[in-house]
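Geometric and topological summary
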Amino acid sequence: MASKTLASRRQSLIAIFLVVGFVFIIRLFYLQVIDESYKNSAQNNVLRYVTQYPARGLIYDRNGQLLVYNEAVYDLMVMPSQVTQMDTAEFCRLLDISLEGFRERLKKAKEYSRFKPSMFEKQLSKETYGFLEEKLYRYPGFYVQPRTLRKYPKPIASHLLGYVGEVNQQIIDKNPYYKSGDYIGISGIEKSYEELLRGIKGIKVRMVDVHNREVGSYQDGLLDTIAVMGKDLYLTIDAELQEYGELLMQGKMGSVVAIEPSTGEILAFLSSPGYDPNLLVGRVRGKNFKFLSEDPVKPLLNRAMMGQYPPGSTFKMVNDLVGLEEGVLNTKTRYSCQGTGSSPIRCTHSHQSPLDVYVAIEQSCNPFHWNVYRSILSSSGHGSLRENYNNWRRHVMSMGFGKKLGTDLGNELSGSIPSAEKYDAIYGKGRWNAMTVRSLSIGQGEILATPLQIANSAAVMANRGFYYVPHVVRASGDSLIRSINYEKVTSTIKPQHYEVVVEGMRQVATMGTARWYQPEGISMCGKTGTAENPHGDDHSLFMAFAPAEKPVIAIAVVVENSGFGSTWALPIASLMIEKYINREVKRKDVEERMINGKTY
Amino acid sequence: MRDRKEISGNIDWTLVFLYLALVIIGWINIYGAVYNEDHSSILDISQSYGRQLIWIVTSLFIGLVIILTDARFFSTFAYLIYGSTLLLLVGVLLFGNTVSGSKSWFHIGSFGLQPAEFAKFATALAMAKFFSSQHINIKEFRTRFIPLIILGVPAVLILLQNDTGSALVYSAFVLVLYRMGLSGNYLLFGVFVAVLAISTLMVGQYYVMGFVGALAIVLLFFIKRNRSNILNLAGLLLLALGFIFSVEYAFDHFLGDHQKTRINVLLGKELDLKGAGYNVNQSKIAIGSGGFLGKGFLQGTQTKYNFVPEQSTDFIFCTVGEEWGFIGTTVVIVLFILLLARIINVAERQRSPFGLVYGYGVASVLFFHFTINIGMTIGLVPVIGIPLPFFSYGGSSLWAFTILLFIFIKLDTKRASLL
Ligand SMILES: [Zn+2]
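Predicted model, so just to flag it, every value in this text is computed and none were measured.

**Points about the overall build of chain A**
Scanning chain A from N- to C-terminus turns up 21 helices and 18 strands. A buried classification covers 57% of the 600 residues belonging to chain A. The long-range fraction of contacts in chain A, counting pairs at least 24 apart against all pairs at least 6 apart in sequence, stands at 71%. Just so you have it, chain A exposes about 25,700 Å², and 53% of that area is on carbon and sulfur atoms.

**Brief notes about the pattern of salt bridges**
All names here are of chain A. In total, this model carries 31 salt bridges over all chains according to the counting rule given. As a salt-bridge pair, E265 and R62 come within 2.9 Å of each other at their nearest N and O atoms. In this pair, E265 is assigned in strand β12 (residues 265–272) and R62 in the loop between β2 (59–60) and β3 (66–78), connecting sequence segments 203 residues apart. Each member of the pair, E265 as well as R62, is classed as buried. E560 is the salt-bridge partner of R303, the closest N and O atoms lying 3.2 Å from each other. A residue pair is termed long-range when its members are at least 10 positions apart, and R303 in helix α12 (residues 303–306) and E560 in the loop between β18 (553–559) and α20 (569–582) qualify at 257 residues.

**Some points on helix α15 (residues 366–379) of chain A**
Residues and elements named next belong to chain A. In a regular helix each residue adds 1.5 Å, so 14 residues correspond to 20 Å; α15 covers 20 Å between its end C-alpha atoms and thus fits that length. Burial of α15 is extensive: 10 of the 14 residues sit out of reach of the surface. Three or more residues of α15 are buried, namely P367, F368, H369, W370, N371, V372, Y373, S375, I376 and L377. In this structure, the buried side of α15 is in contact with α13 (316–326), α14 (357–363) and α16 (385–397). One or two residues past the end of α15 sits G381, with phi positive at roughly 85°.

**Side note on the confidence of the model for chain B**
In low-pLDDT regions, the fine details of the predicted coordinates are not to be read closely. The predicted model of chain B has a mean per-residue pLDDT of 82, with 83% of residues at 70 or higher. Low pLDDT, under 50, characterises residues 305–309 of chain B; the stretch is placed with 19 contacts to residues that sit more than four places away or in other chains.

**Observations regarding the packing of helix α16 (residues 316–348) of chain B against helix α17 (residues 353–377) of chain B**
Residues and elements named next belong to chain B. Closest axis-to-axis distance for the α16/α17 pair is 9 Å, and the angle between their directions is 160°. Here α17 runs roughly antiparallel to α16, going by the angle between their axes. Viewed along their axes, α16 and α17 form a crossing whose handedness is left-handed. Side by side, α16 and α17 meet where F317, C318, I333, F336, I337, L339, L340, I343, I344, A347 and E348 of the first sit next to L356, G359, Y360, V362, A363, L366, F367, F370, N373, I374 and T377 of the second.

**Focus on the packing of helix α2 (residues 13–34) of chain B against α16(B)**
Residue and element names in this part refer to chain B. Direction vectors running N to C along α2 and α16 enclose 160°, while the axes themselves pass 10 Å from each other. Considering their axes alone, α2 and α16 lie roughly antiparallel with respect to each other. The crossing of α2 and α16 is left-handed. Grouping the amino acids of the contact of α2 with α16 by side-chain chemistry returns 18 nonpolar, four polar and two charged.

**Structural notes on the sheet that holds strand β16 (residues 525–531) of chain A**
Across a sheet, paired strands are connected by hydrogen bonds in the backbone, their directions being either parallel or antiparallel. All names here are of chain A. Across the sheet, which stays open at both edges, the five strands sit in the order β12-β11-β18-β17-β16 with antiparallel pairing between neighbours. Single-partner strands in this sheet number two, and they are β12 and β16. Ignoring which end each strand starts from, the neighbouring axes of this sheet average 5° apart. In this structure, strand β11 (residues 254–260) lies alongside β12, joined through seven bridges in antiparallel fashion. Considered in β12, the bridge of I259 is made with I266. Of the strands in this sheet, β11, β12 and β18 touch helix α10 (residues 239–249), which is tilted by about 25° from β12.

Reading the values: rules and limits
Residues numbered from 1 in each chain as written. Chains lettered and ligands numbered in written order. Predicted model: local features only at pLDDT ≥ 70, side-chain atom pairs only at ≥ 80, totals over all residues. Heavy atoms only, no water. Helix = DSSP H or I, 4+ residues; strand = E, 2+ residues; numbered from the N terminus. Buried < 20%, exposed > 50% of the residue type's maximum accessible area, 1.4 Å probe, protein only. Contact = heavy atoms within 4.5 Å. Areas by Shrake-Rupley, 256 points an atom, 1.4 Å probe, with all protein chains shown as cover. Salt bridge = Lys/Arg side-chain N within 4 Å of Asp/Glu carboxyl O. Expected span 1.5 Å × (residues − 1). pLDDT = per-residue confidence, 0-100. Axes fitted to C-alpha atoms, helices over the stretch in contact; angles between N-to-C directions. Parallel < 35°, antiparallel > 145°, perpendicular 65-115°, else oblique. Left-handed = near helix turned anticlockwise from the far one by under 90°. Nonpolar A, V, L, I, M, F, W, Y, C, P; charged D, E, K, R; others polar. Pairing = 2+ DSSP bridges.

Structure follows, in structure tokens:
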């Protein structure tokens, strides 16, 4: 009985099938017979989908000076299914390619798809395009697609700006926005601001007649999407200062980073040797890239944030600050340069002894700072040496060392402030002490910092205890007014302690190593350093800020393999400061010596 | 000799004819979809239409082998066949190859095999076997629960391969359960759940929650307001609200970006003619441009020109629409409906529950593929990549549908006996 009633369910199921079939047929009747919008009006016109590539956003410096713009180029596209009989020889002549090359390209395009456009020849010159444009109607299946290429009015800031290249398969697989042949920012700002700069692609559906002529848009552009221009960027960089820095650094390996302390805005950011960014554009990019990447002086390497150096003596103030904060050092504390207390680090300078913290910074006294560091590890009162070490490390990292600062440029390296665990791994747990890690007291040993971090620490000193995350873009869109705000990071050291080391740094410039390189009419505070280099001559370092009272620029200069900090890094930093504040440099002799100096 | 005659006499030639008609029309349309002047022979095996011919010939051979097999084989070994395909599904998860995002292929040389396609007939066999056992009573929990396990295991394994479309096919078996006595309320409930889910995605959870809440209040005036009724209503309301919330949550958290976009485009929330909407839009243009009579064989420009990766597989119906017009699409739909109705009618004449349930399984699977595939090409259903049975290019799919149907044809030759 039950099965009888259930058998009647056959009807309900067949009814469901019929309903679905009926709905489909109604829908198809609508699509195919009633709705005219899906029909091709002209007889068998072919649709052509032309991607509308928006121009990438322009890039300006902090004063509105143009750094990057676009230049139009033309890609020659081919749709193999539409290629018919044509004068191939003439076509090859116009393009300056061989008959062989023509066949090769057409074959490749056919293999990709007969019905989708392929790139036939990329980035035609304006001249070639001019010739071709009028005759294109004779070559059915070929058409021209406008693209834009980056252009740089001045050959500066290459590492910072980065470059643009074609997307690879990996990117296409990962991000559906990109299609083969699209451009994407590969490094620098072009990469980190890709989404703002690129804009949004559009697509135009055009009808093409049998003579390869576009006869209009399809369905009045119903299916078209409009390309949205990329957003312009305003950098924090001062192009004039940047250019001046690159001039000073020519012939030298190293880096200069200058920051506005009150905002974290990066004023100059350069790595030397650099390259002309125009080299990595368009058809020549591949060849030039190979050439640059094989150069032994590594012009592609961004030393400003990927070069890691022992900060040397520029690190001494950091240890003094920790000592002051932890109460193991005050302005009355004096240590002697000689004797058992200073062993095993000895002083090579001739100066008064015993000496206080001001003179110790001014004279860059190693034994003094060793004593300070030993007190931090032995008696800053957090318990064991290990705990005191960890506490020291915490203070140091609060000033931006040993971690990525989080700039808006990718690929930043973190430097290194070694953890207690790292020393455990080297020496064994409990088997290392202040003596073992004594190099840290003078910024040597396992400590590493990038020029960006050293410049940032100068900004911390300038601000007496805080920094804004350094960055290179201040605004996007069409206004110079700053629209992007960055985090303020406060160090774990009280502001009054900074006054002590700032005074020491001031004395460096008035009485110490930097007294010969005072920028004209500017009160500079600074510190030289020499980073030991196991692979060759030591690196020369200088960090500074100015003016002392109301700093507007903090700077770090690293010149590789050039010996003492006072030889190259110091004069270059002082010239940069003078240039930035006074807008012109009076010390032409120093300037000339720096520009002409070569260290490699 | 006598035996063979008996077999051929009992074969339901209507089913065979409908099968052949669909397969051949499909092949002609694959030729039309990827027609290429350089390889204009329909037998050129470097092209998909040439290879499809190989699949067709081998499918016919497979069909013949099935017809010559003892019908008892399928009922006796139903669970064994089911178990082996489950092992294959696990195997493909561990050792399979990934093709366009789904880890669902075994590659042996240039030959690719998709176990998920074969799991369908194996599942239908297992369902048939279960319902032909003793002590079946759809009112009992056990009878309702075990089929869910039989369906759920392959569905989950296929879901793990990231092949959502093929996994959804198993929901079609609810039609089998309905035929076996499951209350029609479950179907209605299913429809209600689907409506809730779709409307949540379309207008947002809060509106739908508000609407359901209002509905509950209105109901409150129509029911007897005793304690148990009110509690039931409140329980149902909570269940519905929880469901709405979890739909939105799952959409936000579990779906990949491109799945989200596809759903949003389908629901009209997003206009993305380049991305997810591209295929559907092109598909509609291709079908629409065919008009009443079509552009003629090999004359289609849209299908060839536009969307390429799926023109001969999931979007084969576009070629029908463009080259053969409304006449062509109607013929194909009518053929499918005839096939489905014929399967149901043949299923009903089985004496054994095994044949009956298997037949309904076949109809359910084919119906689901038919509805989703054609529905998506004409923009009525989300773009879920499953093939059109007997039509779409592909060896695994054609073989699997052939096996699915021919086992049924074979069972039907023994309809008079109790298997
Ligand atoms: Zn000394």
